[in-house]
Amino acid sequence: MTLSAIIVDDEPHARQALERMLGEYPQIAVVDRCENGLAAVKAVHKLQPDVLFLDIQMPKLDGFDVLELLGEAAPLVVFVTAHDDYAIRAFENNAVDYLLKPVAKARLQACVDRLHTRLQTSTPQADTMENLLTVHQQENTPINRILVREKGDVHVVMTRDIIALEAADDYVVIHTAQQKLIKQERLSKLETRLDPRQFCRIHRSAIINLDYLAGIETETKDSRLANLKNGMQLAISRAGYSKLVQLL
């Protein structure tokens, strides 16, 4: 059984060295090489490989960003990194395997064997990657940016630029001064990753960035609106008003 593979690494020599080593294994066929995370996301969607040899630390989009953007489309993943603390944590939290740079021949052999074993199991890969991402996100909270994949484009939104977030079923509408983006994620889940000192959930359907709060308008005794600096008005619930009072 031949496994198709994509190598992702921002270092040309690292990509070439790993491809050369993988060339000794007829059961692995390298179908593409990517120098950054964005190219990797596009290549996986186009080629649908069996395995991704993925560097963790890369500019702009790191290895975990790639997995988040791929979602259920993520294939088997082998992390390739020069830092063993990243690699071991990823491996312990359901990555198929990890390789430390420079890659040792015996270690690569063990990795190839592990890949074939994993493909013969019934463990859903999407569940594996979701577990890994959940652990990574918990370790890296609060976040300072949000990734949004929309119509083939990837947007990196810095949280400091977010004015408000609104729930729309299983989606979140992200408002900034320049654009409005839609991310497939529940507002409640995203809330747990935001800085609670900076963001306040003023309603079950809305979170605001306190830096963009222009004022609070009282309509009735129990009805209030948050006036934001971009002109938006969002309803404030009783619970949301209590949170605002505590934060302000």
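Check the entry above for the structure.
Because the structure is predicted, anything quoted here is derived from the model rather than measured.

Q: I would appreciate a short explanation of the packing of aromatic side chains in the present structure.
A: Ring pairs (aromatic) are described by centroid distance and by the angle formed between their planes. Taken as a whole and judged by the stated rule, the model has one aromatic pair. Each ring, one from phenylalanine 64 and one from phenylalanine 79, has its centre 5.3 Å from the other, and the planes form 40°; the classification is tilted. Taken together, the residues span a long stretch of sequence, with phenylalanine 64 in helix H3 (residues 63-70) and phenylalanine 79 in strand S4 (residues 76-81) at a distance of 15 residues. It is arginine 107 that lies over the ring of tyrosine 98; its NZ or CZ is 5.2 Å from the centre. When the ring centre of tyrosine 241 is taken as reference, the NZ or CZ atom of arginine 224 above it lies at 3.8 Å.

Q: Mind showing me how you'd approach the pairing of strand S15 (residues 233-236) here?
A: Moving residue by residue along a regular strand, the side chains alternate between the two faces of the sheet. Both strand S14 (residues 223-228) and S15 contribute to a ladder of four bridges, which runs antiparallel. Each residue of the ladder has a partner; that of leucine 225, found in S15, is alanine 235. Hairpin connection of S14 to S15: four residues between the antiparallel strands, including glycine 231 at a positive phi of 100°.

Q: Where do I start with the side chain of lysine 183 in this structure?
A: With respect to the helices and strands, lysine 183 occurs in strand S10 (residues 180-183). In this structure the side chain of lysine 183 is engaged in a polar contact, spanning 3.2 Å, whose partner is the side chain of glutamate 68. Excluding residues that lie within four positions of it along the chain, lysine 183 makes contacts with Glu68, Ile146, Leu147, Val148, Asp170, Tyr171, Val172 and Ile174.

Q: How should I be thinking about unusual backbone geometry in this particular structure?
A: When glycine is set aside, most residues are seen to have a negative phi, and most peptide bonds are trans. A cis amide bond, omega -10°, links lysine 101 with the succeeding residue proline 102. Within the fold, proline 102 resides in the loop between strand S5 (97-100) and helix H5 (105-119). One non-glycine residue, aspartate 169, adopts positive backbone phi at about 60°. The residue aspartate 169 is located in the loop between strand S8 (162-168) and strand S9 (171-176) in this model.

The rules behind the values
- Every chain begins its residue count from 1, and numbering advances along the sequence as written.
- In view of the model being predicted, local features appear only for residues whose pLDDT reaches at least 70, and side-chain atom pairs are presented and counted only at 80 or more, with totals across whole chains, interfaces and linings using the full set of residues.
- As a rule here, side-chain values cover all heavy atoms of the structure and leave hydrogens and water aside.
- Any pair of Phe, Tyr and Trp rings, taking the six-membered ring for Trp, is counted once the centres come within 6.5 Å. Such a pair is stacked with planes under 30 degrees apart, edge-to-face with planes over 60 apart, and tilted for the rest.
- Only DSSP runs of H or I with at least four residues qualify as helices, and only runs of E with at least two residues qualify as strands; both kinds are numbered from the N terminus onward.
- Lysine NZ or arginine CZ positioned within 6 Å of the ring centre and within 35 degrees of the ring normal marks a charge as sitting over the ring.
- Note on pairing: DSSP must find at least two bridges between two strands before they are called paired.
- The term polar contact refers here to a pair of N or O atoms within 3.5 Å; inside protein, the definition further demands a hydrogen-donor-capable atom paired with an acceptor-capable atom, and it admits residues adjacent in sequence only when both atoms are side-chain atoms.
- In this analysis, two residues are considered to be in contact whenever any of their non-hydrogen atoms come within 4.5 Å of each other.

Taken by themselves, the reported measurements are silent on function.
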